[in-house]
Structure formats: C-alpha cells, structure tokens
Amino acid sequence: MADQPTAFERFTQGILPENPVYRQLLGLCPVLAVTNSVQGAMTMAGAVLFVLLCANVIISLIRDLLKPHLRIVIFTLTIATFVTIVDRFLAAYMYQMSKNLGPYIPLIIVNCIIICRCEVCASKQSVFTAASDAVGQSLGFALALASIASVREILGTGMFFGFRVLPEMWPDWVIMVLPPGAFLTFGLLLGAVNWVAARKKG
Amino acid sequence: MTTTTQETPGSGKNRWTNFFIVQAWLVLLLASFFGAALAGIQLTLAPKIEANKLNETLEKVPELILGADAARASKDSGQQMEINRQYMTAGTKTYSVFKAEKDNQTAGWVVKASGQGYADKIELLVGVDETVNTITGLFVLDQKETPGLGNKIMEPDWRRQFVSKPTHLLLTAVKTKADGPGEISAITGATISSKAVCDIVNQSLNNLRQPLAKAASDKKKPSEKQQEKN
Amino acid sequence: MNYLIDIMLIAVSAALINNFVLYYFVGICPFIGVSRQIDMAVGMGLAVTFVISIAAFLSWTMTTMVLIPAAPLTAWIGGFFMSPEAAAKIDLTILSYIVYIFAISASVQFVEMYVRRFFPALYKSFGVFLPLITTNCAILFACLTIMSNVSGVDNPADAWDLGRSLTLAFFGGIGFTIAIVIMAGIREELDFCDIPPALRGAAITLIVAGILSMAFMGFTGVDTGLKNALKSDSAAQIDPKPIPKDESPLTSVIIGETDKKEWS
C-alpha cells in the first residue's frame, strides 16, 4: 500500500490530470445532456458531488468487510440509495430544476465515475483520502460541465447563468442548445484539451 | 436449492447458511439501514413533493381565469378562490379539469390538455369562463419544441391572442396577420407548433364544451332558485 | 385502431426522432467504446435490444404490481397487516431506482446464462458485451421513461400498458443499434483519413456524432405527419355550431373529486 496516492494527490489529480470527463471519458451522458444551461449543469455537478462523497465515505468505512464477489452489489445499493435521496431533495426544494433535469438525476446510478471511484480509491484507502478524492473528482466533473455549458449557453442563447452577456443583435446559434451542439462542443473542447496536453508533454 | 439438498443433507444445509447469512450479512445490514433512511426521507419529503406537483397547476388557475392583472389584484386584496380538481371523460380522452369557485360561484374552468407538438408532447392549460363561451387564458405547462422557434409558444404575447376567443369556433393558425374571429397568427418559422397548440385547444374544448356547460348549469340551478326565493 | 396508431407513434419516436443515443445521450459509453467495427456494433446493439426488452418487462411489472400506490400485490400483502384502505395507500415509488437497477442486473445475468446454455453460437457473437450492459444508461433510461409514463401521469387513464412500454423499450434498442452501426461504419472509413492528432479517437467520434445527430433532427415532425395521415378525424368532426342551451346529452362521467385546495 506504500505507493497509494495521498489524500492531497487524490484531490489535485481529480481536478485536471485525471479529470473524469476530459481525461477518463467517464459519465458522458450527463455531460452532454444537461449542459444546455449553466444552472442545470451546476445542479447536476452538486448532485454528483453529494452522491460521490457519501458513497466514497461509506464504502471506505466498510472497506475491510467487503467480500470480492459482493462488492459490486454493495456499491450499487449504496449509490442507488443516495441518488434516490438527492432526487427527492431536488423534487422537494428545487421542483422546476428537478423537472428540467428529468431522468438524468436518477441516471447518476449508472454513471461510471462513481462506481469507478468506489472501486479504485474508496475500497482501498482511508476515509479522509476517499473523501478528498470524491471532492477532487467532483470538482473536476463540475469544471468540465461548466466549460461545456458556458460555451453552449453563451453561443446558443447569448446568456450566461440567465443574464445577457452578448448584445441583443447576436443571432442565437440555436443548434448549440440542441443535441448536436452538445456533441460538437464537447468534441472540439476535448480536441483542444488533448492538444494542450500533447504540447505540454512534448 | 434442489441441488444442495440432493448432496449430503446436513452439510448442504450448513453451506446454505454459510452462503447466505454469513456472506451477505453486510448487504442485509446495509439494506435495512438504507431502507430506514429512505423511509425517513419519504415521510418528510413526500407531502412537499406532492404539493409542489399540484401547486404548479393550481398557481396558474386564477391568472388563467381572471387574467394576470385581475388575479394579482384579487390576491393582494386577499380574496379566496377555491379550486377543485376532477376528471372528466369525453370522447376517447380523460381530462383533468380544475373548477375555480369564487364566493361560492363558479368563476371558470381550467382544462389540462395535451397533444402532439412538433418535437414532442405539448401540455397546455386552457382557461374558460363559467358558461364555457370564451377562452380566458392559455398557459404552456410542458413542451420540447425547438428553442428560439417553436418554444415561442410559451411567450405571453403570443398566448394572449387566445384570450376572449369564442369556444365554439375552430381556431386556425394563419401565416398572415390574424383578423378573422377564429384566427391566430402563427409564429414565424414555427407554423407546425402554432397549429399544434390550436388543434389541442380545439379538440379539448370541443370534447368538453357540452359536459362543462352542463356541469356549470347543474350546479347553478339550485343557487339561482334560492336567489329567486329571496 | 387508436391503440395501433399510438404504438406506431411510440415506435417511430423511440427509434428515429428521439433516438436514445443521438437525442437523449444515453448509452454514449458503448457508443464511443464499441463502435469500431460493424460486426461488433451489431452484436452490442442486439444485446442491448434484448436486455432492454426484458428489463422493460420486469420494470413495468414491478411498477404496476408492487411500487405504485394501490398496486395489487402490495395491497394484497399489506392487507394481512392493516386495513385494506391503508394498504391501498402504500407508496413504494421511493424504492423504484433501487428496484430497477437490480432488475437490470438480474436480467443481464439471466440472459447471459440462458444464452450461454441454449444458444452457444449467439453467445459467441454477443456474449462478451452482456456484462458491460449493466452500466449502460440506455436500459435504466428506458425503465425510468416507463415509470414516468405509468406513475407520473396526472391522469390514471393515461398510464401506459405493457404493450406501449415494451414498444418503447424494443424500438429504443433498435434506435441504439441503428446509431451505433452507422457510427461503426463511419469509423471504419475514418481509419483511412488524416485526422489531426489531437482530434483522434473520442473527439472526432463526438464531432461525427454531432453531425449524425443533426441528420436525425430531420426526422422531427415525422410522427405528426404520420398521425395526421393515419387519422384524419380529429379536426374534421368538430361541430362548428354553438351548443344548444338545453337538452345536451351528458357524455361525460365525473370520476371523482380528488384534490381540493384553498387558493389565497
């Protein structure tokens, strides 16, 4: 266990070097689906933070009791429970947002980021490390969502966070808030990230 | 299960308990713990979620019947409006109908109607007056039309065209300036969405006009008689 | 007839207009991962279609029989412990996500065992994809759509039956297959193209998917046209005359007043 990353390393790795969206290509379904407005994207990131943090902490607490063949069952059970909780909270306190996000909140259950972090980090390391890993990964996820959502919202509606940033005469690029815009924006941003990473290395 | 009993019975049973209770105790413990947590969540939040769902429609009812300004004025003056929901079957469809009563008199009806739009289902609230003769308001509850084109059906300016249209006329979306009695000017570039809204309104009102008028007059008669006596 | 039209509209909408991958973005992971060769893509698509139908059947049955308030099975079991009225009010929908995800895992396991035992040839062609499918969002998405159309409807008469649910799931799977096979075909050609190094791999796949998604937007409105072609009675039968004031036969049945609220 000597070469396991420390809590701080886990935290910083999640944000950029091992960004779950741009570097690991995990959890792409919400990345594409909820990024037509920054507000929706941030709510999604908050929900993922809550679920990932709770799941990581619980799994890390019981990591010595886990049996290899029942591991996935326990992960799924924990994640599904916390997703249900966050879904109900949104429906109770942010009804309109929960209606907008629709099925994508429950789809966090099958979001590979969470089960992957439970497997890679939480089932092997201490509670504190697991928690900082969860926060780091969620911040990385939030950063990725925010970058895509900003591009799509600004170009598609001329607004940012609901406030107008581009002049009224801006012809809204409607395609950006429609499904194709999600694919195009994410594809181009991914290319840009790859390009920067390659330049740094070389 | 049958395979374990076919082997030596004693050890088979041991393996059975071994397998389930010893190995899965953690799963069972977690499941009961999570179950309790979810039950708690359900008890505290379910009434609130239900209220949210209902309020979404109920909040719109006064505005749809009285008009936005009058509804605000009546809210400010603290007047009460009692809203009842009922289901009405007409033709092949069942509609949710909200009946608004003010000072024990029917103030109007709001019908929840839905139909196929351009992209997906459009869900509307249509307000009509108590005698079901004119439309008093229209609100779009849910739609997935093209942003920037079809979703302009949500804009108040466009929806206002429907106000005070007679219910017995077929509404048609026209591309030119609307000047006929049953004409609505379509949104530029979104004729199909505009038409879809008109069709949903037409169909629901055509189905419900008679039953609603009947229900209104049934309810009215006893009170009218009382007034005559007085 | 109306029912058949309904089924057809759901099928067209699920497979083409609101394609699971290109419109709802579910099942993106295998879409990017497995879509390198056409035969693999076909295998994956078939496996998903197969599992999604079984999961839809399970989730519809669970939802209507157990989870929603006044579900027959729950009410029957609850009847042993409490009064029938109280038992009819038991609402287990909060458990739905947990139930669905385990129903999906179970159906994947079951399908894998069954196919390996009885169709070894079939197992060879798509068996390797089966374990991957558990975490495929498309399956859970189909279950959730069915749930929202069964328990989320405002009006009990509008709730989907098993036929509609299975249609959505099966044609959703077909839509997934169509998208992933087209993508695989394009990617086989892309291998011979000179793509800038930064865009190689997932990035170019996503950009191509964006163009595909634009192409699929062309299907929007097909269902409206289809519906109008199939039934032309909706608008034509509307009676343009004002209602006679008296003696209109009441065609409606008021089912019941369910909710009252004081608005202030």
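That block above? That's the structure.
Everything numeric here is computed off the predicted structure, so don't read it as measured data.

Now for the pattern of salt bridges. A side chain of one charge can pair with a side chain of the opposite charge if their charged atoms are brought near each other. All names here are of chain A. One pass over the full model with this rule turns up nine salt bridges over all chains. Residue aspartate 87 pairs with arginine 88 through a salt bridge whose shortest N-O separation is 3.9 Å. Like aspartate 87, the residue arginine 88 is buried in the burial classification. One salt bridge connects glutamate 168 with arginine 164, and the closest N-O pair in it is separated by 3.4 Å.

Glancing now at empty space enclosed by the protein. Scanning the entire structure with this criterion turns up three cavities of 30 Å³ or more. Here the largest cavity is characterised by a volume of approximately 60 Å³. Looking at the largest cavity, it is lined by 13 residues, and the ones nearest its centre are A:Cys29, A:Pro30, A:Leu107, A:Asn111 and C:Cys137. Among the elements that make up the lining of the largest cavity, the one with the highest residue count is helix α2 (residues 28–33) of chain A (three residues). Considering only residue class, the lining of the largest cavity consists of 11 nonpolar, two polar and no charged.

Residue and element names in this part refer to chain B. Judged by how many residues are buried, strand β5 (residues 135–142) sits mostly within the fold: seven of eight residues are covered. Sheet topology note: the strand β4 (residues 121–129)/β5 ladder contains six bridges and is antiparallel. In the sheet register, leucine 124 faces β5, and the bridge partner there is valine 140. Taken together, β4 and the strand that follows it, β5, pair antiparallel across an intervening segment of five residues, in which valine 132 is found at a positive phi of about 60°.

The next thing to look at is the environment of A:Val38. Residues and elements named next belong to chain A. Checked against the element boundaries, valine 38 lands in helix α3 (residues 38–61). The spacing of valine 38 and isoleucine 154 is 116 residues in sequence and 9.4 Å in space, taken between C-alpha atoms. Ignoring any residue separated from it by four or fewer positions in sequence, one finds valine 38 in contact with Ala149, Ser150, Glu153, Phe160 and Phe161.

Let's shift gears to the pairing of β4(B). All names here are of chain B. With seven of its nine residues buried, β4 lies for the most part within the structure. Inspection of the sheet shows strand β3 (residues 105–116) paired to β4 by nine bridges, in the antiparallel sense. Across the sheet, the residue bridging to valine 111 is valine 126, located in β4. Between β3 and β4, which pair antiparallel one after the other, the connecting turn spans four residues.

On to the interface of chain A and chain C. Residue-level contacts link 34 residues of chain A with 32 residues of chain C. With both chains or domains summed, chain A and chain C bury close to 3,000 Å², and 84% of this area falls on carbon and sulfur atoms. The tally of links from chain A across to chain C stands at zero salt bridges. One can count three residue pairs in polar contact (both at pLDDT 80 or more) joining chain A with chain C.

Nonpolar side chains tend to gather and get buried jointly when the protein is soluble and globular. Formed by 136 residues in total, the largest nonpolar core has its most connected members in A:Leu107, A:Ile108, A:Phe186, C:Val26, C:Phe31 and C:Ile133. Apart from residues no more than four positions distant in its own chain, A:Phe186 is found in contact with A:Val21, A:Tyr22, A:Leu25, A:Leu28, A:Val31, A:Leu32, A:Ile148 and C:Leu206.

Let's shift gears to the packing of helix α1 (residues 7–15) of chain A against helix α7 (residues 127–157) of chain A. Helix-helix packing is characterised by the crossing angle of the two axes and by the distance between the axes. All names here are of chain A. Where α1 meets α7, the axes come as close as 7 Å, and the angle between the chain directions of the two elements is 15°. As summarised for this structure, α1 and α7 are arranged roughly parallel, according to the angle between their axes. Considering only the axes of α1 and α7, their crossing is right-handed. Counting all contacts with α1, which are made through Ala7, Arg10, Phe11, Gly14 and Ile15, the residues of α7 involved are Phe128, Thr129, Ser132, Asp133, Val135, Gly136, Gln137, Leu139, Gly140 and Leu143.

Rules behind the numbers
Residues numbered from 1 in each chain as written. Chains lettered and ligands numbered in written order. Predicted model: local features only at pLDDT ≥ 70, side-chain atom pairs only at ≥ 80, totals over all residues. Heavy atoms only, no water. Salt bridge = Lys/Arg side-chain N within 4 Å of Asp/Glu carboxyl O. Buried < 20%, exposed > 50% of the residue type's maximum accessible area, 1.4 Å probe, protein only. 1 Å grid on protein atoms, 1.4 Å probe; cavity = no way out; pocket = protein on both sides within 12 Å on 5 of 7 lines; lining within 4 Å. Points joined across faces, edges and corners; volume = space filled by probe spheres on them. Helix = DSSP H or I, 4+ residues; strand = E, 2+ residues; numbered from the N terminus. Nonpolar A, V, L, I, M, F, W, Y, C, P; charged D, E, K, R; others polar. Pairing = 2+ DSSP bridges. Contact = heavy atoms within 4.5 Å. Buried area = accessible area lost by both parts, 1.4 Å probe. Polar contact = N/O pair within 3.5 Å; in protein donor to acceptor, adjacent residues only side chain to side chain. Core = buried A, V, L, I, M, F, W, Y, C linked by side-chain atoms within 4.5 Å. Axes fitted to C-alpha atoms, helices over the stretch in contact; angles between N-to-C directions. Parallel < 35°, antiparallel > 145°, perpendicular 65-115°, else oblique. Left-handed = near helix turned anticlockwise from the far one by under 90°.

By themselves, these figures tell us nothing about what the structure is for.
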